[in-house]
Amino acid sequence: MKLFGRNHLIICIITFGILFAMNYIGNPSADKLEGALMTAGAGIIGLTLGLMIYNRGKNDKNPPQNFD
């Protein structure tokens, strides 16, 4: 999957919506909006960093030697 492509943005929107809804609905504290926004934002950042690490070696022209 191409980073910051159409599919990545769709998955980010879906992930943000799910994380926000789960944290907003299930949180009884007074600052549930801020907490839900921070959690959903952190989830998007984590998803993006994970995809960057995953895609880093995809098009590697010279893989490690003698890889078993």
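Conventions and cut-offs
- Residues numbered from 1 in each chain as written.
- Predicted model: local features only at pLDDT ≥ 70, side-chain atom pairs only at ≥ 80, totals over all residues.
- Heavy atoms only, no water.
- Helix = DSSP H or I, 4+ residues; strand = E, 2+ residues; numbered from the N terminus.
- Buried < 20%, exposed > 50% of the residue type's maximum accessible area, 1.4 Å probe, protein only.
- Contact = heavy atoms within 4.5 Å.
- Areas by Shrake-Rupley, 256 points an atom, 1.4 Å probe, with all protein chains shown as cover.
- Axes fitted to C-alpha atoms, helices over the stretch in contact; angles between N-to-C directions.
- Left-handed = near helix turned anticlockwise from the far one by under 90°.
- Nonpolar A, V, L, I, M, F, W, Y, C, P; charged D, E, K, R; others polar.
- Phe/Tyr/Trp six-rings, centres within 6.5 Å; stacked < 30°, edge-to-face > 60°.
- Lys NZ or Arg CZ within 6 Å of the ring centre and 35° of its normal.

**Things to note about the overall build of the chain**
Item 1. Broken down by element type, the chain carries two helices and zero strands.
Item 2. The buried share among the 68 residues of the chain stands at 13%.
Item 3. Restricting the contact set of the chain to residue pairs at least 6 apart, pairs at least 24 apart contribute 54%.
Item 4. Here the chain has roughly 5,600 Å² of accessible surface; of this, 65% comes from carbon and sulfur atoms.

**Observations regarding the environment of H8**
Item 1. Within the secondary structure, H8 sits in helix α1 (residues 6-25).
Item 2. Remark: the alpha-carbon pair of H8 and L47, spanning 39 residues in sequence, is separated by 9.4 Å.

**Looking at the packing of α1 against helix α2 (residues 32-55)**
Item 1. Contact geometry for α1 and α2: axes closest at 8 Å, N-to-C directions at 145°. For the crossing formed where α1 meets α2, the hand is right-handed. On α2, the residues touching H8, I11, C12, T15, F16, L19, F20, N23 and Y24 of α1 are K32, L33, A36, L37, T39, A40, G41, G43, I44, L47, T48 and L51.
Item 2. Across the contact of α1 with α2, the residue classes break down as 13 nonpolar, seven polar and one charged.

**Things to note about the packing of aromatic side chains**
Item 1. Evaluated as defined, the whole model comprises two aromatic pairs.
Item 2. Taken together, a centroid distance of 6.2 Å and an interplanar angle of 5° make the contact between F16 and F20 stacked. In this pair, F16 and F20 both sit in helix α1, four residues apart, roughly one turn of the helix.
Item 3. Classification of F16 by relative accessible area gives partly exposed; the value is 31%.
Item 4. With a relative accessible area of 22%, F20 lands in the partly exposed category.
Item 5. One aromatic cluster is present, formed by F16, F20 and Y24 through successive ring pairs.
Item 6. In this structure, K32 packs its charged tip against the face of Y24, placed 4.7 Å from the ring centre.

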